[in-house]
Amino acid sequence: MTESNDGVGPTNRVAPKRGRVVMAELTLIVRPPGRPADVRVYTDDEATEAQAYAAEVGGHVDQLS
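Computed from a predicted structure; not experimentally measured.

1. Regarding a negative patch on the surface
Stage number 1. Taken together, the side chains of Glu25, Asp44, Asp45 and Glu49 define an acidic patch exposed on the protein surface.
Stage number 2. Relative to the helices and strands, glutamate 49 is located in helix α1 (residues 47-57).

This is the structure in structure tokens:
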């Protein structure tokens, strides 16, 4: 955990699991029902991960337009 200087207390900062991508590469979205903070977006190359996350949270994969 790292110390926070904003008066909220310590936080746990986790490094991203994938490299950076540009916004245009994000083509898939998973919205867990009733949990807007847990929305995740994926690239076409990450479709398998998107399907796995959707199955885990009871959501489904939608195509971003």
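2. Looking at the pattern of salt bridges
Stage number 1. Tallied over the full model, the rule gives two salt bridges.
Stage number 2. The shortest N-O distance in the salt bridge between aspartate 62 and arginine 31 comes to 3.3 Å. You can see aspartate 62 sitting in strand β3 (residues 61-63) and its partner arginine 31 sitting in the loop between β1 (26-30) and β2 (40-43), a full 31 residues away along the chain.

3. A closer look at the sheet that holds β3
Stage number 1. With antiparallel pairing, three strands are arranged side by side in an open sheet as β2-β1-β3. Across the chains shown, the open sheet's two edge strands, defined by having one partner strand only, are β2 and β3. Within the sheet, the average angular offset between the axes of one strand and its neighbour, ignoring direction, is 35°.
Stage number 2. With three bridges connecting them, β1 and β3 associate as antiparallel partners. When the sheet's bridge partners are listed, isoleucine 29 is paired in β3 with aspartate 62.

4. Re the pairing of β1
Stage number 1. Counting buried positions along β1 gives five out of five residues, so the element sits mostly inside the fold.
Stage number 2. Here β1 runs beside β2; their pairing, made up of four bridges, is antiparallel. Along β2, the bridge assignment pairs valine 30 with arginine 40.

5. Focus on the packing of aromatic side chains
Remark: the centre distance and the inter-plane angle together describe each pair of aromatic rings, the angle taken between the planes.
Stage number 1. One pass over the structure, following the stated rule, counts zero aromatic pairs.
Stage number 2. Here the basic side chain of arginine 40 rests over the ring of tyrosine 53, its NZ or CZ set 3.8 Å away from the ring centre.

6. A short note on the nonpolar core
Stage number 1. Residues Leu28, Val30, Tyr42, Ala50, Tyr53, Ala54 and Val57 constitute the largest nonpolar core, which totals seven residues.
Stage number 2. Those elements that place two or more of their residues in this core are β1 and α1.
Stage number 3. The element contributing the most residues to this core is α1, with four residues.
Stage number 4. Setting aside chain neighbours within four positions, we find valine 57 in contact with Val30, Pro32, Pro33 and Arg35.

Rules behind the numbers
- Residues numbered from 1 in each chain as written.
- Predicted model: local features only at pLDDT ≥ 70, side-chain atom pairs only at ≥ 80, totals over all residues.
- Heavy atoms only, no water.
- Patch = residues over 30% accessible without salt bridge, like charges linked within 9 Å, V, L, I, M, F, W, Y side chains within 5 Å.
- Areas by Shrake-Rupley, 256 points an atom, 1.4 Å probe, with all protein chains shown as cover.
- Salt bridge = Lys/Arg side-chain N within 4 Å of Asp/Glu carboxyl O.
- Lys, Arg positive; Asp, Glu negative; His and termini not counted.
- Charge placed at Lys NZ, Arg CZ, Asp CG, Glu CD.
- Helix = DSSP H or I, 4+ residues; strand = E, 2+ residues; numbered from the N terminus.
- Pairing = 2+ DSSP bridges.
- Axes fitted to C-alpha atoms, helices over the stretch in contact; angles between N-to-C directions.
- Buried < 20%, exposed > 50% of the residue type's maximum accessible area, 1.4 Å probe, protein only.
- Phe/Tyr/Trp six-rings, centres within 6.5 Å; stacked < 30°, edge-to-face > 60°.
- Lys NZ or Arg CZ within 6 Å of the ring centre and 35° of its normal.
- Core = buried A, V, L, I, M, F, W, Y, C linked by side-chain atoms within 4.5 Å.
- Contact = heavy atoms within 4.5 Å.

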